[in-house]
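Examining the three-dimensional arrangement
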Amino acid sequence: MQLSCAVPHVAQRFSWDCGLACVEMVLRALGDETSPAKLHAQAGTASVWTIDLAFLLAAHCVPCTYRTSQLGCNPNFAREGFYAERLRDDRERVERLFSRALASGTPCVEHRAVSRDELCLHLGGGSAVAIVLVDRQRLCGTEDGAAERGNAHASEGAHAAGDRPAGAAAATGRLLVQTLGTLVPSALRPSSGAQPASDAPRLAAGGVGGFTGHYLVLVGVSTDSPAYLALDPARERGPVAVPFAELDRARGAFGTDDDVLLVCDERLPKQIVTQSP
């Protein structure tokens, strides 16, 4: 049994907006119903970096700390296909955002990586979540990841966004979620009204070689196995258990800069997560 944060799952709508979907999950857990369209407009770009997400959270008064092993753009990314096309255009904007954050202290940016022990300690309190940048291809080594990669194109556009269970009580696989209390906060209830099928998310499939950036929301740590409880915006529901070793490889891969957004807020609703027999 594990006390974790009750965060509603939000599926990404396009191939590039997994980070914005993660921010939307956190905001909805806090009762902020900002629309996806407004978040997209506030971001102002389809080339979203972690510093963009940090500023979005700060704009919505969400306390967070951004930890990274690289302040600004890593010049080595110029040889990585995932970044190469936009790096020249993004560099000035990203460097400017880092300068603003370091000068003002908002959002808080710390120049260091987060260890597994630190991440587990952060998540173990029940009032904290983390948005992590990973190499999605490093998450495809599991049976679940391999199946998702193989079915990605078949799944694309197959379901309307309104058909997806959006409540935090929607369980995946062997995970059962029981929300604490008798009333489910409005932020955790399934959204009403179906969206057009064209708004269905484009599930990102891992390619061969290279790097595929992807964001996850970590909401807790499993006590039954060495795994994080994660919400993946490329999936239709959550949470899922991701083994420590697998996530460590994915978030420590070249291209991630060890980026982690640590969010700690007593307003985050709590839940009990147990394993089914």
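Here, every reference points to the structure presented above.
Bear in mind that the values here come from a model prediction, so they are computed numbers and not experimental data.

What counts, and at which threshold
Residues numbered from 1 in each chain as written. Predicted model: local features only at pLDDT ≥ 70, side-chain atom pairs only at ≥ 80, totals over all residues. Heavy atoms only, no water. Helix = DSSP H or I, 4+ residues; strand = E, 2+ residues; numbered from the N terminus. Buried < 20%, exposed > 50% of the residue type's maximum accessible area, 1.4 Å probe, protein only. Contact = heavy atoms within 4.5 Å. Areas by Shrake-Rupley, 256 points an atom, 1.4 Å probe, with all protein chains shown as cover. Core = buried A, V, L, I, M, F, W, Y, C linked by side-chain atoms within 4.5 Å. Pairing = 2+ DSSP bridges. Axes fitted to C-alpha atoms, helices over the stretch in contact; angles between N-to-C directions. Parallel < 35°, antiparallel > 145°, perpendicular 65-115°, else oblique. Left-handed = near helix turned anticlockwise from the far one by under 90°. Nonpolar A, V, L, I, M, F, W, Y, C, P; charged D, E, K, R; others polar.

1. Things to note about the overall build of the chain
- Helix and strand counts for the chain stand at seven helices and ten strands.
- The buried share of the chain, reckoned over its 277 residues, is 53%.
- Sequence separation of at least 24 residues holds for 78% of the intrachain contacts in the chain that already meet a minimum separation of 6.
- Carbon and sulfur atoms form 52% of the exposed surface of the chain, whose accessible area is close to 12200 Å².

2. With respect to the nonpolar core
- Within the largest apolar cluster, 47 residues are counted, with the highest numbers of intra-cluster contacts made by Ile51, Leu57, Val129 and Ile131.
- Counting residues per element, this core draws most heavily on helix α1 (residues 18-29), at nine residues.
- Apart from residues no more than four positions distant in its own chain, Ile51 is found in contact with Tyr66, Val94, Leu97, Phe98, Ala101 and Val109.
- One finds Val114, Val132, Phe244 and Leu247 within the second-largest nonpolar core, a separate group that totals 20 residues.

3. Details of the sheet that holds strand β4 (residues 128-135)
- Taken together, seven strands build an open sheet; the order of strands is β3-β2-β9-β4-β6-β7-β8 and the sheet is mixed. If you trace the sheet from one side to the other, it starts and ends with β3 (108-111) and β8 (240-243), each paired once. When the angles between neighbouring strand axes are averaged without regard to direction, this sheet yields 35°.
- Relative to the sheet, α1 contacts β4, β6 (213-221), β7 (227-231) and β9 (260-264), its axis offset from that of β6 by approximately 25°.
- Lying over the sheet, helix α5 (residues 116-123) contacts β2 (64-68), β4, β6, β7 and β9, oriented at roughly 145° with respect to β4.

4. Quick word on the packing of α1 against helix α2 (residues 36-43)
- Remark: α1 packs on α2, axes separated minimally by 10 Å, with the N-to-C direction vectors making an angle of 125°. In this view, α1 runs oblique relative to α2, as classed from their interaxial angle. For the pair α1 and α2, the crossing hand works out as right-handed. Counting all contacts with α1, which are made through Leu20, Val23, Glu24 and Leu27, the residues of α2 involved are Pro36, Leu39, His40 and Ala43.
- Across the contact of α1 with α2, the residue classes break down as six nonpolar, one polar and one charged.

5. Regarding the packing of α5 against helix α7 (residues 244-251)
- Viewed as axis vectors pointing N to C, α5 and α7 meet at an angle of 110°, and their least axial separation amounts to 12 Å. In terms of axis orientation, α5 runs roughly perpendicular to α7. Considering how the two elements wind past one another, α5 and α7 form a crossing that is right-handed. Between α5 and α7, the contacting residues are Arg116, Leu119 and Cys120 on the first element and Phe244, Ala245, Asp248 and Arg251 on the second.
- For the contact of α5 with α7, a count of residues per class yields four nonpolar, no polar and three charged.

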